[in-house]
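# Observations on the three-dimensional arrangement
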Amino acid sequence: MIFMLSLFFGTTNKSGRKKKKVTKAERLKQLQEEEERRQKEEEEARVKYEKEEMERLELERIEKEKWNQLESKDLERRNEELEELSLLERCFPEAEKLKQDTRLLSQWKHYIQCDGSPDPSIAPEINTFISLWKEETNETFEEVIAKSKLVLNLIEKLKLILLETPPYYLEDKNIIQYQGSVLEMQELLHLKFNIATEILLRQASTLADLDSGNMEKVIQDENVTLYVWANLKKNPRYKSVRFSETQTGFEIPRILATSDIALRLLHTHYDHVTPLRPISTSFQGHTTRIPQFVKDEVKSVEAAISKELPEESKQLENESNSVHEEEETKCEEQGDIEVQTSFVQEESDATKCELEMKLLSETVLSAQLLLIENATEKPTFFEDNEVDLCQFTTLGGVYHLDILELPPQYKPMKSWMIVEILKEGLQKYIYPPETTEDVETENAFPPIEVTLEVQENVIFFEDPMVARWDAEGKHWQTDGISNVSYKSEERLITFSLETFGPITLIQDTHVNMPFQSWELRPLGVNKVLLTVTTVFTEVQIQIKEDLCMLASIKLSDKKHSSTLEGKWMTPISFIFALKETGLNIFPSGHSHFYVIINYKDPLVELKAYRQLALLSSAFAFGWSKWNAVCTSKKVIVKLSEHLTEEPIQNPNWTLLMFSGNRAQRLKINENSETFSEALKEETEFHSTLYHMVKDFASKEAMEKIRSSNCQFIDSVCYMLLSTRLLSYS
């Protein structure tokens, strides 16, 4: 029975496991259901897509409508905003007029000072000074050094006149006169040093050192250092020349150790060897940007004024004669005539002044644009080993290295000192000689090893290169110099030199470009702090009114002291002084050939700098990484209202984009992952940066902006134009 049941159940399970055969109708039904499901999904997807597309199009329509409304609103107020900006930018021609007054005042101050020094800008005065100094003879080195302070001051004044006088005020004849005076004084000063050296060397035997028997002399001044060594003993074993209390010296070959020679190292802390840079006189070509109608309008108004005044006077006089019957009436009418004439005169003067300011404003604008224009061609006229002075800068002055023939020495004769004075003066000893037939060995004239002390107030961010002056080609070159080594901590440079002559140290002009970041921050009333950060250094510059000052320098995150710190100077003088110390953060017209830059349209860049300067008394500005992403027709900066003298911790930066004729706040921030030009919510765009910030600035900030000093704004703008932060960061 049990077996029968198990057999029954086993049979049942086996038949249950058999797969049921699907009929054709069932298969068609399944396919139909799947097709219906697929169509339903597609329909749902289509409906969803259409809905999303409609929503997107609606959003686009709303955005476009909103954008069109904003554009219409911007166009409606553009003329009004540009007119208001034009009034604010009157500060630039006003500052220029003040500069003109300052230049005239300085001439007047020099005139009433009556200190005996000439005015270098007046040709008869400077020519008389040079002629009288030429006539002075037998001056000692100390006397020449004393006189050189005045000469260097006059040269500096002429150079600053050429730099500070706007190109539209410089005439060709003035440039030729000033540069001619500079060259003449430079040559005369060096000639005086040569004559003084000859006078000193005549006394070599009386100044001989008791130990070595040779003469050694060091004369040091703030502008000049003289090292002289006279070989009186001619000891062949005396080959190492080291000046006492210094590490400056020479390693001379045997042939010089046994010759009647003197070694002179004249270190001038200035460079009077490098040719003067040509001053551009092509500003006339750039003034074509000034609208011609402005010039014509000024001339026509001047002519109309000169014609209008006599006619008005004549007309009023005729009216006066017609009412000549009663004395009381005559007196009253005469008073009216005087009042009306005075009114016409004042109105005419005001019109003329207004047009003159308009012309000056356009001229200043063209001069500012000239500061940031890039040269179209790279200089390619350099010979082999010639130093490209657009790429490199001479630093630390010039080391005049000379081997001199020892002049005849003083000889005592009873109570007299007799000396033979050579007619040809101080003579150079030719090394190596032009002919070497009498010399047996080939290596009789090896290179001379020279060790120099590098000037303390000059900064080299990399090991300096050594260049020698080619007198024939009138340029610096790097051949004939070998085995260069530099000890940065001791500030000593050693090298071997084949022939003696003027030597200088050079550094890459663009070693600190491009900049890594920058920030412009208010410090108080008419005072800001500009910070520029480069690969090697952080430079902080204070600007107040029409002056600039080096606030601090950091090298490798450590503070570095400089002689320029704490000295207030005009912007041009300050830039010139900063370059001379090796802190060059000021691109030239050729710099874009040597540095990878973030090119910006010059007109957009100029407008941005002018408007940043206008706002700088109440707003802090800074570098933005997005400035390198946007097109060359747009610039992006970060901005934050800043009304305190102290720095604000974690300021709330806003990104502004400016295209020269449109300013807007951006939706993105500095930490956003992708760039977008989307407008920030609930903001509008304007024609100027001034009106853009006006939308969200406090009353105190706007009051500060409107009350800013015109000279301060002009100085900030000049520093921004000189550093070109928007293109070189």
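An account of the accompanying structure is given in this report.

The rules we used
Residues numbered from 1 in each chain as written. Predicted model: local features only at pLDDT ≥ 70, side-chain atom pairs only at ≥ 80, totals over all residues. Heavy atoms only, no water. Helix = DSSP H or I, 4+ residues; strand = E, 2+ residues; numbered from the N terminus. Buried < 20%, exposed > 50% of the residue type's maximum accessible area, 1.4 Å probe, protein only. Core = buried A, V, L, I, M, F, W, Y, C linked by side-chain atoms within 4.5 Å. Contact = heavy atoms within 4.5 Å. Pairing = 2+ DSSP bridges. Axes fitted to C-alpha atoms, helices over the stretch in contact; angles between N-to-C directions. Left-handed = near helix turned anticlockwise from the far one by under 90°. Nonpolar A, V, L, I, M, F, W, Y, C, P; charged D, E, K, R; others polar. Salt bridge = Lys/Arg side-chain N within 4 Å of Asp/Glu carboxyl O.

### Brief notes about the environment of I596
- You can see I596 is positioned in the loop between helix 11 (571–580) and helix 12 (602–615).
- You can call I596 exposed: its relative accessible area is 77%.
- C-alpha separation for the pair I596 and Y728, spaced 132 residues apart in sequence, amounts to 8.1 Å.

### Observations concerning the nonpolar core
- With 74 residues, the main nonpolar core has I541 and F619 as its most contacted residues.
- Not counting the four nearest positions on each side in its chain, F619 is found in contact with L520, P522, L639, S640, E641, H642, V693, F696, A697, A701 and I705.
- L158, A196, L226 and V228 belong to the second largest nonpolar core, which has 36 residues in total.

### Section: the pairing of strand 12 (residues 481–487)
- For strand 12 and strand 13 (residues 492–497), the ladder comprises five bridges, and the chain directions are antiparallel. Across the sheet, the residue bridging to S485 is T494, located in strand 13.
- Connecting strand 12 to the next strand, strand 13, in antiparallel fashion are four residues, including R491 with a positive phi near 55°.

### A look at the packing of helix 5 (residues 141–164) against helix 11
- The N-to-C vectors of helix 5 and helix 11 enclose an angle of 115°; their axes lie 10 Å apart at closest approach. The two elements helix 5 and helix 11 meet at a crossing, and its hand is right-handed. When helix 5 is examined against helix 11, the residues E156, L160, L163 and E164 are found in contact with a partner set consisting of I572, S573 and F576.
- Of the residues contributing to the contact of helix 5 with helix 11, the split by class is four nonpolar, one polar and two charged.

### Here we look at the pattern of salt bridges
- This structure, assessed with the given rule, holds 34 salt bridges.
- The shortest N-O distance in the salt bridge between K173 and E171 comes to 3.9 Å.
- Between E677 and K634 there is a salt bridge, with the nearest N and O atoms lying 2.9 Å from each other. Residue E677 is found in the loop between strand 23 (663–665) and helix 13 (689–694), and its partner K634 is found in the loop between strand 20 (619–622) and strand 21 (635–641); the two are separated by 43 residues along the sequence.
- Take E677: its relative accessible area is 32%, and that puts it in the partly exposed class.
- Assessed through its relative accessible area of 22%, K634 is described here as partly exposed.
- Because the salt bridges share partners, they merge into one network encompassing E71, D74, R78 and R662.

### Side note on the environment of S573
- Structurally, S573 is set in helix 11.
- By relative accessible area, which is 14% here, S573 ends up buried.
- Along the primary structure S573 and E156 are separated by 417 residues, whereas in three dimensions their C-alpha atoms are 9.8 Å apart.
- In this structure S573 touches L160 and E164, once residues within four positions along its chain are discounted.

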